[in-house]
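Fold and geometry: a report
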Amino acid sequence: MKAMKAVVIGATGYVGSSVTQLLSQKGMSVVACSRDVRKASWLTNLGDGVTISPLQLSKGGETKEQLRVILDGADVAFFCAGFEQQSQETVDFMCENTLSLIETAKEKGVGCVVLTSSGGSTNPKGLEDSTPKSEVLHFSDPEDQLARGKFSPAAKTLMEIGAFKAVGRNHKNEVVDEALAEASPRLVIMNPNLILGPQLDPGDIKGNSLPWVCRILKKQTMSEHIPNDSMSIIDVRDLAALHVAAAMNESASGRYFGVNKSFSWKEILGAFGEVCEDYTPPGLKEGEDYEGKVPTQFDHTRKESLGVELRPLKETLGDLVGFLREKGAI
Ligand SMILES: NC(=O)c1ccc[n+]([C@@H]2O[C@H](COP(=O)([O-])OP(=O)(O)OC[C@H]3O[C@@H](n4cnc5c(N)ncnc54)[C@H](OP(=O)(O)O)[C@@H]3O)[C@@H](O)[C@H]2O)c1
């Protein structure tokens, strides 16, 4: 891998920084992109071969002009940028910038493009939790998501649909335009739900997931009883490993669940109780059938084909609690 060059867009983010670190550990040269290169300077401490490049993601033409320079000589490009704002801007940002990346990657002969999406694009209406979700079969309805104001998951669904089309494939990742598919980079899409584990950014704890975990551990939320529900979780380091494994595997293409599995909250809060000595989970809610509630099921075949061994939940939560303590956040 020594001679390989990777570009990471959104490299300062929770996922992007973990991908950047792993690529460097694997001996690749990494161009880590950020809107603010000064604030992103900590990325060079992640390992050898990391350089920082400014990138202002905006509208098609302007973005492409910058990408033409950044992608020069690159073998693979990761798009880990994004935000969760519930507005049309999120949809435009995700769709336009990923298309600009795919089109410029095509022009520059970049072999593979990996997009960080989310599980929010994998929820067709009426799908029972007990039916294993499939990356190939299950898509959310973007019109329905938009009508319900769910702009952030709709952005991921529409981004994926646009990306498949741009590489000559349909939703099922089948080639529908041979000439276009032949001329396009290999497209990989990662679909994670809740991502946990230590944050590499040395600044304050950011994003949605880690501050939420702090509130749970401080009993500022989920304090009355354990929810009778489940949550699909992955360790951020394992998610990065799936991104990199898929990029390196010539036969990997299409969507992959970035999910270890869906755990019941009874199991999640119980595990927090074991790894965090001053946290005791709340009790069960009277009258709720906890045993009868099936956590969301996944078909793990495609993810497992990437050959990444995922950490057990307790290890992820233990490392996260250690990190949050070091930060003084809990
Ligand atoms: N965290 C989770 O639990 C989770 C779960 C499922 C899916 N996802 C999805 O995974 C992707 C990555 O998530 P993350 O948690 O790593 O996000 P993050 O920590 O918020 O980082 C995203 C990066 O995107 C860049 N960015 C944000 N807004 C931008 C804008 N307007 N223009 C240009 N760049 C912008 C930022 O880089 P600069 O500021 O350096 O430019 C930022 O570091 C997102 O699409 C997110 O929705 C996350």
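Scroll up for the structure.
Residues numbered from 1 in each chain as written. Predicted model: local features only at pLDDT ≥ 70, side-chain atom pairs only at ≥ 80, totals over all residues. Heavy atoms only, no water.

What to know about the overall build of the protein
Threshold: In this description a helix means any DSSP run of H or I spanning at least four residues, a strand means any run of E spanning at least two, and both kinds are numbered starting from the N terminus. Contacts were defined at the residue level, with two residues in contact if any of their heavy atoms lie within 4.5 Å. Each accessible area is a Shrake-Rupley estimate made with a 1.4 Å probe; only the visible protein chains count as cover when residues are assessed. Only four residue types enter the tally: Lys and Arg on the positive side, Asp and Glu on the negative side, with His and both chain ends excluded. Just so you know, the charge point we use is NZ for Lys, CZ for Arg, CG for Asp and CD for Glu.
Of the regular secondary structure elements, the protein holds 11 helices and 12 strands. Expressed as lengths along the three principal axes of its C-alpha atoms, the size of the protein is roughly 60 × 45 × 35 Å. Nonlocal contacts in the protein, meaning residues at least 24 apart in sequence, comprise 74% of its contacts between residues at least 6 apart. About 14800 Å² of surface is accessible on the protein, with carbon and sulfur atoms providing 48% of the total. Separation of charge centres in the protein, based on 36 positive and 44 negative side chains, amounts to 3 Å.

Quick look at the site of the ligand
This is how it is decided: Working definition: residue near molecule or strand if any one of its non-hydrogen atoms lies within 4 Å of it. Two N or O atoms count as a polar contact when they lie within 3.5 Å, although within protein this holds only if one can serve as hydrogen donor and the other as acceptor, and sequence-adjacent residues are included solely when both atoms are side-chain atoms.
Surrounding the ligand, one finds 23 residues, the nearest of these being T12, S34, E84, K156 and N193. Contacts to the ligand include R35, whose side-chain N or O atom sits 2.8 Å from an oxygen atom. Contact distances for the ligand include 2.5 Å between an oxygen atom and a side-chain N or O atom of E84. Burial of the ligand by the protein chains amounts to 80% of its free accessible area of 890 Å².

Structural notes on the side chain of S34
What counts, and what does not: When accessible area is computed with a 1.4 Å probe and restricted to protein chains, residues below 20% of their type maximum are described as buried, those above 50% as exposed, and intermediate ones as partly exposed.
Structurally, the position occupied by S34 is in strand β2 (residues 29-34). On the accessibility criterion, S34 (10% relative accessible area) is buried. At a separation of 3.0 Å, a polar atom in the side chain of S34 contacts the main-chain amide nitrogen of D36. Excluding residues that lie within four positions of it along the chain, S34 makes contacts with T12, A40, S53, P54 and L55.

A look at the pairing of β2
What counts is decided by this rule: Note: two strands are recorded as paired if DSSP finds a minimum of 2 bridges between them.
Across the 6 residues of β2, 5 count as buried, placing the element largely inside the fold. When strand β1 (residues 5-9) meets β2, the two strands line up parallel, connected through 5 bridges. What sits directly across from V7, in β2, is V31. One ladder, built from 5 bridges, connects β2 with strand β3 (residues 50-54); its direction is parallel. Within β3, the position partnered with V31 by the bridge is T51.

Quick notes on the environment of A179
By the element assignment, A179 lies in helix α6 (residues 178-183). Since its relative accessible area comes to 59%, A179 is described here as exposed. Considered as a pair, A179 and V167 are 12 residues apart in the sequence and their alpha carbons are 9.5 Å apart.

A look at the nonpolar core
In summary, soluble globular proteins display a tendency toward joint burial of nonpolar side chains. For clarity, the threshold we go by: To qualify as a nonpolar core, a set must consist of buried Ala, Val, Leu, Ile, Met, Phe, Trp, Tyr and Cys residues joined through side-chain atoms within 4.5 Å.
In terms of nonpolar packing, the biggest core is built from 63 residues, with V19, L23, F78 and F272 touching the most fellow members. If one sorts the elements of this core by residue count, helix α8 (residues 236-248) sits on top with 9 residues. V31, L55, V91 and L101 belong to the second-largest nonpolar core, a separate cluster that totals 33 residues.

Re the pattern of salt bridges
Oppositely charged side chains can pair when the atoms bearing their charge come close. Defined as follows: Each salt bridge in this description consists of a side-chain nitrogen of Lys or Arg and a carboxyl oxygen of Asp or Glu lying within 4 Å of one another.
Tallied over the entire structure, the rule returns 16 salt bridges. A salt bridge links R237 to D235, with the shortest nitrogen-to-oxygen separation between them at 2.7 Å. The closest approach of N and O atoms between R311 and E315, which form a salt bridge, is 3.5 Å. Each of the salt bridges in this network shares a partner with another, and the network as a whole consists of D235, R237, D238, R311, E315 and D319.

By themselves, these figures tell us nothing about what the structure is for.
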